[in-house]
Amino acid sequence: MSNASLKEQLQAVASQLSDKLNKEHAAKRKFQQSEKVKKPKPKWLDYVQYGVELLMVYFPLGFKTPNEVKPLKKGIKQDLVKRLSAIESIVTEDKACMVKSLAYYVNTTAYHKSVIEGAMRIDLDGNPAGIVSAEEAKYSIERHQAKLLAKQNGVQQMHQAKVKVDSA
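All values derive from a computational prediction rather than experimental measurement. (Residues numbered from 1 in each chain as written. Predicted model: local features only at pLDDT ≥ 70, side-chain atom pairs only at ≥ 80, totals over all residues. Heavy atoms only, no water.)

(A) Local environment of the packing of aromatic side chains. In total, this model carries three aromatic pairs according to the counting rule given. Between Phe-63 and Tyr-105 the ring centres are 5.0 Å apart and the planes differ by 70°, which places this aromatic pair in the edge-to-face class. A residue pair is termed long-range when its members are at least 10 positions apart, and Phe-63 in the loop between helix H2 (43–58) and helix H3 (76–85) and Tyr-105 in helix H4 (residues 92–105) qualify at 42 residues. The same class applies to Phe-63 as to Tyr-105, namely buried. Each ring, one from Tyr-105 and one from Tyr-111, has its centre 6.0 Å from the other, and the planes form 55°; the classification is tilted. Judged by its relative accessible area of 7%, Tyr-111 falls in the buried class. Grouping aromatic residues by their ring pairs yields a cluster made of Phe-59, Phe-63, Tyr-105 and Tyr-111. (Phe/Tyr/Trp six-rings, centres within 6.5 Å; stacked < 30°, edge-to-face > 60°. Helix = DSSP H or I, 4+ residues; strand = E, 2+ residues; numbered from the N terminus. Buried < 20%, exposed > 50% of the residue type's maximum accessible area, 1.4 Å probe, protein only.)

Take a look at the structure:
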């Protein structure tokens, strides 16, 4: 067997292996993308969204839908705990859920967008309860930007880790 014939055979085998690996890699990518679509919502998100819905039911003038959100009164958590403790018809688990969900509510994009200098703050009943200062508005913007940056960095880190795994 000549060197030219051996070289041609090796190139043919290498080509077949390369094609097979490319097909496997494409199938793996397709599977990973389909897995992303099927990923269920985390349980904690269901929990806090349920709590926000409860807040909107029991305090409809204070807790609004995302396009109607208004800045809340400073110290609203204490007011909420006090009011909930006086309502005996709500089970303890739902009361705890509402209090915990308050943190989620005030960290949404819609809420941060509502916290602008001079905006009226409201209490649980929708009554005026102060005005957003320039410092508070700046702080809210910074918190929102930090949250977006952290999310962006998390996505980038996940992508980098995926690239490392795929290239290995």
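After that view of the structure, there is still more to cover.
(B) The arrangement of the pattern of salt bridges in detail. With the rule as written, the count across this model stands at five salt bridges. A salt bridge links Asp-125 to Arg-83; the nearest nitrogen and oxygen atoms lie 3.1 Å apart. Taken together, the residues Asp-125 in the loop between strand E1 (120–122) and strand E2 (128–131) and Arg-83 in helix H3 connect sequence positions 42 residues apart. Arg-83 gets classed as partly exposed once you look at its relative accessible area, which sits at 33%. Lys-138 is paired through a salt bridge with Glu-142; the nearest N and O atoms lie 3.9 Å apart. Residue Lys-138 and its partner Glu-142 are located together in helix H6 (residues 134–167), separated by four residues, close to a single helical turn. Residue classification places Lys-138 among the exposed residues on the basis of a relative accessible area of 53%. Shared partners join several salt bridges into a network, and the residues in it are Lys-74, Arg-121 and Glu-136. (Salt bridge = Lys/Arg side-chain N within 4 Å of Asp/Glu carboxyl O.)

Keep in mind these values describe shape, not function.
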